[in-house]
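Structural features, examined
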Amino acid sequence: MSEALRIAYSPCPNDTFVFHAWAHGLVPGAPELDVTFADIDITNGMAERGELDVLKVSYAVLPWILDDYALLPCGGALGRGCGPLVLTRAPDGEDGGAVGPAALAGRTVAVPSERSTAYLLFRLWAATEVPGGVGDVVVLPFHEIMPAVRDGKVDAGLVIHEARFTYPDYGLHRLADMGEHWEATTGLPIPLGAIVARRSLGEERLRELAEAARASVRMAWADPEASRGYVLEHAQEMDPSVADRHIGLYVNEFTAGLGEDGYAAVRGLLTRAAAEGLVPPLGPDALAFARPSAG
(Lines give C-alpha, C1' and ligand atoms only; values in the text may rest on other atoms or scores of the structure.)
Protein backbone atom coordinates (compact mmCIF):
# COMPACT_ATOMS: atom_id res chain seq x y z
CA MET A 1 0.00 0.00 0.00
CA SER A 2 1.34 3.44 -0.94
CA GLU A 3 2.03 5.98 1.77
CA ALA A 4 -0.91 8.19 2.73
CA LEU A 5 -1.02 11.68 1.27
CA ARG A 6 -0.62 14.36 3.90
CA ILE A 7 -3.45 16.89 3.63
CA ALA A 8 -4.49 19.91 5.70
CA TYR A 9 -7.87 21.60 5.64
CA SER A 10 -9.97 23.54 8.11
CA PRO A 11 -12.52 22.09 10.54
CA CYS A 12 -15.17 24.32 8.95
CA PRO A 13 -18.34 22.56 7.72
CA ASN A 14 -17.70 23.16 4.03
CA ASP A 15 -14.29 21.45 4.18
CA THR A 16 -15.36 18.49 6.31
CA PHE A 17 -18.45 18.04 4.11
CA VAL A 18 -16.36 18.09 0.92
CA PHE A 19 -13.61 15.76 2.17
CA HIS A 20 -15.65 13.36 4.32
CA ALA A 21 -15.94 10.60 1.71
CA TRP A 22 -12.30 10.80 0.64
CA ALA A 23 -10.93 11.03 4.20
CA HIS A 24 -12.95 7.97 5.19
CA GLY A 25 -11.80 5.78 2.31
CA LEU A 26 -15.16 5.86 0.52
CA VAL A 27 -13.93 7.18 -2.85
CA PRO A 28 -13.00 4.18 -5.04
CA GLY A 29 -9.35 4.21 -6.06
CA ALA A 30 -8.51 7.43 -4.21
CA PRO A 31 -5.28 7.52 -2.19
CA GLU A 32 -5.46 7.29 1.59
CA LEU A 33 -5.33 10.64 3.38
CA ASP A 34 -3.46 11.62 6.54
CA VAL A 35 -5.54 14.63 7.66
CA THR A 36 -4.39 17.65 9.67
CA PHE A 37 -6.99 20.20 10.74
CA ALA A 38 -5.82 23.81 10.74
CA ASP A 39 -7.28 27.27 10.20
CA ILE A 40 -6.54 28.99 6.92
CA ASP A 41 -3.78 31.24 8.25
CA ILE A 42 -1.88 28.12 9.37
CA THR A 43 -2.39 26.23 6.10
CA ASN A 44 -1.24 29.28 4.13
CA GLY A 45 2.00 29.20 6.11
CA MET A 46 2.36 25.46 5.60
CA ALA A 47 2.08 25.95 1.85
CA GLU A 48 4.63 28.77 1.83
CA ARG A 49 7.06 26.51 3.70
CA GLY A 50 6.39 23.61 1.32
CA GLU A 51 4.86 21.35 3.96
CA LEU A 52 2.36 18.55 3.19
CA ASP A 53 1.15 17.19 -0.13
CA VAL A 54 -2.32 18.73 -0.42
CA LEU A 55 -3.68 21.84 1.33
CA LYS A 56 -6.71 24.10 1.49
CA VAL A 57 -5.31 27.62 1.20
CA SER A 58 -6.42 31.15 0.40
CA TYR A 59 -6.44 32.08 -3.28
CA ALA A 60 -4.51 35.15 -2.15
CA VAL A 61 -1.45 33.03 -1.28
CA LEU A 62 -1.18 31.38 -4.71
CA PRO A 63 1.36 33.84 -6.18
CA TRP A 64 3.84 32.79 -3.51
CA ILE A 65 3.39 29.01 -3.84
CA LEU A 66 2.61 28.13 -7.46
CA ASP A 67 6.18 27.16 -8.25
CA ASP A 68 5.79 24.23 -5.83
CA TYR A 69 2.03 23.63 -5.78
CA ALA A 70 -0.60 23.30 -8.52
CA LEU A 71 -4.15 24.59 -8.22
CA LEU A 72 -6.70 21.75 -8.35
CA PRO A 73 -9.88 22.68 -10.23
CA CYS A 74 -12.23 21.34 -7.56
CA GLY A 75 -12.76 21.02 -3.82
CA GLY A 76 -12.34 24.70 -2.95
CA ALA A 77 -14.64 27.58 -2.05
CA LEU A 78 -15.76 30.08 -4.67
CA GLY A 79 -19.23 31.42 -5.30
CA ARG A 80 -21.70 34.28 -5.26
CA GLY A 81 -23.21 36.06 -2.29
CA CYS A 82 -20.59 34.55 0.00
CA GLY A 83 -18.01 37.30 0.46
CA PRO A 84 -16.33 38.51 3.66
CA LEU A 85 -18.07 41.21 5.70
CA VAL A 86 -16.79 44.30 7.50
CA LEU A 87 -18.52 44.57 10.88
CA THR A 88 -18.74 47.40 13.43
CA ARG A 89 -20.42 47.93 16.79
CA ALA A 90 -22.63 50.88 15.85
CA PRO A 91 -25.14 51.03 13.01
CA ASP A 92 -24.01 53.26 10.18
CA GLY A 93 -23.79 56.83 11.44
CA GLU A 94 -25.27 56.11 14.88
CA ASP A 95 -22.10 57.18 16.70
CA GLY A 96 -22.37 60.63 15.15
CA GLY A 97 -19.28 60.17 13.00
CA ALA A 98 -18.75 59.45 9.35
CA VAL A 99 -21.12 57.09 7.58
CA GLY A 100 -20.48 54.30 5.11
CA PRO A 101 -16.93 53.17 4.29
CA ALA A 102 -15.61 56.61 5.35
CA ALA A 103 -16.25 55.49 8.94
CA LEU A 104 -13.19 53.23 8.65
CA ALA A 105 -10.75 56.02 7.79
CA GLY A 106 -7.83 55.77 10.18
CA ARG A 107 -9.55 53.06 12.25
CA THR A 108 -8.17 49.76 13.56
CA VAL A 109 -9.47 46.70 11.70
CA ALA A 110 -9.02 43.05 12.70
CA VAL A 111 -8.51 40.58 9.84
CA PRO A 112 -8.12 36.77 9.82
CA SER A 113 -4.81 36.76 7.90
CA GLU A 114 -2.79 39.20 5.83
CA ARG A 115 -2.41 36.46 3.21
CA SER A 116 -6.12 35.60 3.15
CA THR A 117 -8.37 36.20 0.16
CA ALA A 118 -10.67 38.10 2.52
CA TYR A 119 -7.88 40.58 3.25
CA LEU A 120 -7.05 40.93 -0.45
CA LEU A 121 -10.69 41.69 -1.27
CA PHE A 122 -10.74 44.13 1.65
CA ARG A 123 -7.60 45.93 0.44
CA LEU A 124 -9.00 46.27 -3.09
CA TRP A 125 -12.29 47.59 -1.67
CA ALA A 126 -10.67 50.02 0.78
CA ALA A 127 -8.38 51.43 -1.90
CA THR A 128 -11.40 52.91 -3.68
CA GLU A 129 -13.98 53.24 -0.90
CA VAL A 130 -12.17 54.44 2.26
CA PRO A 131 -10.84 58.01 1.95
CA GLY A 132 -7.27 58.12 3.24
CA GLY A 133 -7.31 54.41 3.98
CA VAL A 134 -7.82 52.46 7.19
CA GLY A 135 -5.54 52.72 10.20
CA ASP A 136 -3.87 49.77 11.91
CA VAL A 137 -4.60 46.24 10.76
CA VAL A 138 -4.30 43.46 13.35
CA VAL A 139 -4.43 39.73 12.64
CA LEU A 140 -6.65 37.60 14.86
CA PRO A 141 -7.96 34.02 14.54
CA PHE A 142 -11.29 34.38 12.77
CA HIS A 143 -13.29 33.16 15.79
CA GLU A 144 -11.81 35.96 17.94
CA ILE A 145 -12.68 38.83 15.60
CA MET A 146 -16.36 39.36 16.45
CA PRO A 147 -15.76 39.31 20.23
CA ALA A 148 -12.93 41.83 19.73
CA VAL A 149 -15.24 44.19 17.82
CA ARG A 150 -18.05 43.72 20.34
CA ASP A 151 -15.71 44.43 23.27
CA GLY A 152 -14.21 47.54 21.68
CA LYS A 153 -10.71 46.11 21.28
CA VAL A 154 -10.82 47.03 17.58
CA ASP A 155 -13.00 49.43 15.62
CA ALA A 156 -14.06 46.94 12.96
CA GLY A 157 -13.56 43.36 11.91
CA LEU A 158 -13.28 41.54 8.61
CA VAL A 159 -15.11 38.24 9.05
CA ILE A 160 -15.49 35.04 7.06
CA HIS A 161 -17.18 31.65 7.30
CA GLU A 162 -20.29 31.29 9.44
CA ALA A 163 -19.91 34.83 10.81
CA ARG A 164 -22.14 35.83 7.87
CA PHE A 165 -24.98 34.19 9.77
CA THR A 166 -24.05 34.78 13.42
CA TYR A 167 -22.82 38.37 13.66
CA PRO A 168 -26.22 39.71 14.88
CA ASP A 169 -25.81 37.45 17.93
CA TYR A 170 -22.84 39.65 18.92
CA GLY A 171 -24.84 42.86 18.52
CA LEU A 172 -22.75 43.81 15.49
CA HIS A 173 -23.68 45.57 12.29
CA ARG A 174 -22.60 45.06 8.70
CA LEU A 175 -20.78 48.06 7.27
CA ALA A 176 -19.90 46.50 3.91
CA ASP A 177 -19.90 43.22 2.01
CA MET A 178 -16.65 42.59 0.12
CA GLY A 179 -18.35 40.06 -2.11
CA GLU A 180 -21.06 42.47 -3.20
CA HIS A 181 -18.38 44.99 -4.16
CA TRP A 182 -16.36 42.37 -6.05
CA GLU A 183 -19.37 41.04 -7.96
CA ALA A 184 -20.65 44.55 -8.77
CA THR A 185 -17.29 45.68 -10.16
CA THR A 186 -16.29 42.48 -11.99
CA GLY A 187 -19.40 40.40 -12.60
CA LEU A 188 -17.36 37.39 -11.51
CA PRO A 189 -17.88 34.92 -8.65
CA ILE A 190 -15.90 35.44 -5.45
CA PRO A 191 -12.73 33.32 -5.09
CA LEU A 192 -12.10 32.36 -1.46
CA GLY A 193 -10.32 29.08 -0.73
CA ALA A 194 -8.30 26.85 -3.08
CA ILE A 195 -7.11 23.25 -3.00
CA VAL A 196 -3.48 22.86 -4.05
CA ALA A 197 -1.24 19.81 -4.45
CA ARG A 198 2.50 19.44 -4.72
CA ARG A 199 3.70 19.67 -8.35
CA SER A 200 6.39 17.07 -7.71
CA LEU A 201 3.62 14.43 -7.53
CA GLY A 202 3.43 14.69 -11.33
CA GLU A 203 0.70 15.77 -13.73
CA GLU A 204 -1.00 12.38 -13.90
CA ARG A 205 -1.16 12.12 -10.11
CA LEU A 206 -2.50 15.66 -9.85
CA ARG A 207 -5.33 14.79 -12.20
CA GLU A 208 -6.11 11.72 -10.10
CA LEU A 209 -6.29 13.88 -6.99
CA ALA A 210 -8.60 16.34 -8.72
CA GLU A 211 -10.92 13.49 -9.70
CA ALA A 212 -10.86 12.15 -6.12
CA ALA A 213 -11.82 15.57 -4.77
CA ARG A 214 -14.62 15.90 -7.34
CA ALA A 215 -15.92 12.43 -6.51
CA SER A 216 -15.87 13.24 -2.80
CA VAL A 217 -17.94 16.39 -3.41
CA ARG A 218 -20.49 14.48 -5.47
CA MET A 219 -20.75 11.72 -2.86
CA ALA A 220 -21.39 14.35 -0.18
CA TRP A 221 -24.20 15.84 -2.26
CA ALA A 222 -25.67 12.42 -3.00
CA ASP A 223 -25.90 11.49 0.71
CA PRO A 224 -25.61 14.61 2.92
CA GLU A 225 -26.44 12.68 6.09
CA ALA A 226 -23.38 10.44 5.69
CA SER A 227 -21.04 13.31 6.57
CA ARG A 228 -23.19 14.93 9.26
CA GLY A 229 -21.44 13.38 12.25
CA TYR A 230 -18.01 14.28 10.87
CA VAL A 231 -19.12 17.84 10.12
CA LEU A 232 -20.62 18.48 13.55
CA GLU A 233 -17.75 16.76 15.38
CA HIS A 234 -15.34 19.37 14.02
CA ALA A 235 -17.69 22.37 13.82
CA GLN A 236 -16.69 23.61 17.30
CA GLU A 237 -20.09 23.88 18.96
CA MET A 238 -21.70 25.38 15.87
CA ASP A 239 -25.47 25.18 15.74
CA PRO A 240 -26.39 22.41 13.25
CA SER A 241 -28.67 24.77 11.32
CA VAL A 242 -25.78 27.24 10.92
CA ALA A 243 -23.55 24.40 9.73
CA ASP A 244 -26.16 23.50 7.11
CA ARG A 245 -26.38 27.11 5.89
CA HIS A 246 -22.59 27.29 5.81
CA ILE A 247 -22.39 24.20 3.59
CA GLY A 248 -25.22 25.44 1.38
CA LEU A 249 -23.42 28.72 0.76
CA TYR A 250 -19.83 27.60 0.27
CA VAL A 251 -20.25 24.21 -1.43
CA ASN A 252 -21.68 24.82 -4.89
CA GLU A 253 -21.08 24.14 -8.58
CA PHE A 254 -17.65 25.78 -8.39
CA THR A 255 -16.61 23.25 -5.75
CA ALA A 256 -17.13 20.44 -8.25
CA GLY A 257 -15.31 22.34 -10.99
CA LEU A 258 -13.99 25.88 -11.33
CA GLY A 259 -14.98 26.13 -14.97
CA GLU A 260 -14.37 29.16 -17.17
CA ASP A 261 -15.94 31.66 -14.76
CA GLY A 262 -14.05 30.25 -11.79
CA TYR A 263 -10.66 30.50 -13.45
CA ALA A 264 -11.52 34.00 -14.69
CA ALA A 265 -12.37 35.01 -11.12
CA VAL A 266 -9.10 33.67 -9.73
CA ARG A 267 -6.97 35.29 -12.40
CA GLY A 268 -9.00 38.51 -12.17
CA LEU A 269 -8.46 38.79 -8.42
CA LEU A 270 -4.74 38.11 -8.57
CA THR A 271 -4.22 40.34 -11.60
CA ARG A 272 -5.97 43.26 -9.88
CA ALA A 273 -4.02 42.64 -6.70
CA ALA A 274 -0.72 42.52 -8.59
CA ALA A 275 -1.55 45.82 -10.28
CA GLU A 276 -1.95 47.35 -6.80
CA GLY A 277 1.36 45.86 -5.68
CA LEU A 278 -0.34 43.54 -3.19
CA VAL A 279 0.93 40.23 -4.66
CA PRO A 280 3.61 39.17 -7.17
CA PRO A 281 2.36 38.95 -10.78
CA LEU A 282 1.25 35.58 -12.16
CA GLY A 283 2.83 34.00 -15.21
CA PRO A 284 0.51 33.05 -18.11
CA ASP A 285 0.51 29.34 -17.21
CA ALA A 286 0.70 29.67 -13.43
CA LEU A 287 -2.75 28.18 -12.80
CA ALA A 288 -2.20 25.10 -14.99
CA PHE A 289 -1.17 21.62 -13.79
CA ALA A 290 1.71 21.51 -16.25
CA ARG A 291 3.60 24.51 -17.55
CA PRO A 292 5.86 24.67 -20.61
CA SER A 293 9.47 23.91 -19.75
CA ALA A 294 12.04 26.66 -20.02
CA GLY A 295 13.82 24.67 -22.69
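Owing to the predicted nature of the structure, the values given are computational and were not obtained by experimental measurement.

1. As for the side chain of Thr117
The topology assignment puts Thr117 in helix H4 (residues 117-129). Using a relative accessible area of 2% as the deciding quantity, one classes Thr117 as buried. From its side chain, Thr117 meets the backbone nitrogen of Tyr59 in a polar contact 2.9 Å long.

2. Some points on the side chain of Arg199
In this structure, Arg199 sits in the loop between strand E11 (190-198) and helix H8 (203-222). There is no salt bridge for the buried Arg199, and the closest opposite charge comes from Asp67, which lies 6.3 Å off by N-O distance. Within the structure, Arg199 has its side chain in polar contact with the backbone oxygen of Phe289 (distance 2.6 Å).

3. Comments concerning the packing of helix H1 (residues 13-23) against H8
Relative orientation of the contacting elements H1 and H8 amounts to 110°, with a least axis distance of 7 Å. It follows from the interaxial angle that H1 and H8 lie roughly perpendicular. The chirality of how H1 crosses H8 is right-handed. Taken together, the residues of H8 that come into contact with H1 (itself represented by Phe17, Val18, Phe19, His20, Ala21 and Trp22) are Leu209, Ala212, Ala213, Ser216, Val217, Met219, Ala220 and Trp221. Here the contact of H1 with H8 is composed, by residue class, of twelve nonpolar, two polar and no charged.

4. Overview of the pattern of salt bridges
A full pass over the atoms with the stated rule returns 15 salt bridges. In this structure, Asp53 and Arg198 form a salt bridge, with 3.7 Å as the shortest nitrogen-oxygen distance. Of this pair, Asp53 sits in the loop between helix H2 (40-48) and strand E3 (54-58) while Arg198 sits in strand E11, and the two are 145 residues apart along the sequence. When its relative accessible area of 11% is taken as the criterion, Asp53 is described as buried. The salt bridge involving Arg207 is made with Glu203; its shortest N-O contact spans 3.0 Å. With Arg207 and Glu203 both in helix H8 and four residues apart, the pair spans about one turn of that helix. Judged by relative accessible area, which is 45%, Arg207 ranks as partly exposed. A relative accessible area of 36% places Glu203 in the partly exposed class.

About the thresholds
- Residues numbered from 1 in each chain as written.
- Predicted model: local features only at pLDDT ≥ 70, side-chain atom pairs only at ≥ 80, totals over all residues.
- Heavy atoms only, no water.
- Helix = DSSP H or I, 4+ residues; strand = E, 2+ residues; numbered from the N terminus.
- Buried < 20%, exposed > 50% of the residue type's maximum accessible area, 1.4 Å probe, protein only.
- Polar contact = N/O pair within 3.5 Å; in protein donor to acceptor, adjacent residues only side chain to side chain.
- Lys, Arg positive; Asp, Glu negative; His and termini not counted.
- Salt bridge = Lys/Arg side-chain N within 4 Å of Asp/Glu carboxyl O.
- Axes fitted to C-alpha atoms, helices over the stretch in contact; angles between N-to-C directions.
- Parallel < 35°, antiparallel > 145°, perpendicular 65-115°, else oblique.
- Left-handed = near helix turned anticlockwise from the far one by under 90°.
- Contact = heavy atoms within 4.5 Å.
- Nonpolar A, V, L, I, M, F, W, Y, C, P; charged D, E, K, R; others polar.

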